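# Inside the fold
Given next are the chains, with one letter for each unit.
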Amino acid sequence: MAINCSDRAPCPPGSGTSASWLHAEGPVVGQWMLKELRHHGYDVSPGTLYPMLHRMERLGWLRSEADASAGPKARRSFYATGQGKEVLAIVLKQMQELKNETQTAV
């Protein structure tokens, strides 16, 4: 799944496309994710996104880093873990199967 980046919703550095950020070795930040989701029509609030990111971190799918000297509200960078990339591959496969099934049903 390739989604083109634009000035309105820039891709994270080094990721190539917005859909590939989970495959990137570099971090992404929550504010970028919120902008990217809005660009694609999803009006997600920080109060929804950040608890989901923290849950994914607890599950071992993401890891995050923050500058401890910046205090409790420091910008947090998120990285996909190996386990997170495996989960992503499973979900993408399931989405493709669903897409194929719905196309043949029509």
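So, here is what we can say about the structure in this document. Keep in mind that this is a model prediction, so the values were computed, not measured.

What follows deals with the overall build of the protein chain. Broken down by element type, the protein chain carries 3 helices and 3 strands. Along the protein chain, from the amino end to the carboxyl end, the secondary structure elements read β-α-α-β-β-α. Buried positions account for 27% of the 106 residues belonging to the protein chain. Within the protein chain, residue pairs in contact and separated by at least 24 positions form 35% of the contacts whose partners lie at least 6 positions apart. Just so you have it, the protein chain exposes about 7400 Å², and 56% of that area is on carbon and sulfur atoms.

A few words now on the side chain of Ser-77. Along the chain, Ser-77 falls in strand β3 (residues 76-80). On the basis of relative accessible area, Ser-77 is assigned to the buried category, the value being 17%. Beyond its immediate stretch of four places on either side in the chain, Ser-77 contacts Pro-27, Val-28, Val-29, Arg-63, Ser-64 and Glu-65.

Our next topic: the sheet that holds β3. Strand order in the open sheet made by the 3 strands is β1-β3-β2, with antiparallel pairing throughout. Looking at the sheet topology across the chains shown, the edges are occupied by β1 (28-29) and β2 (62-66). Across 5 bridges, the pairing between β2 and β3 is antiparallel. Within β3, the residue paired with Ala-66 across the bridge is Arg-76. Here helix α2 (residues 46-58) sits on the sheet and contacts β2 and β3; the angle it forms with β2, its principal contact strand, is near 115°.

The rules we used
Residues numbered from 1 in each chain as written. Predicted model: local features only at pLDDT ≥ 70, side-chain atom pairs only at ≥ 80, totals over all residues. Heavy atoms only, no water. Helix = DSSP H or I, 4+ residues; strand = E, 2+ residues; numbered from the N terminus. Buried < 20%, exposed > 50% of the residue type's maximum accessible area, 1.4 Å probe, protein only. Contact = heavy atoms within 4.5 Å. Areas by Shrake-Rupley, 256 points an atom, 1.4 Å probe, with all protein chains shown as cover. Pairing = 2+ DSSP bridges. Axes fitted to C-alpha atoms, helices over the stretch in contact; angles between N-to-C directions.

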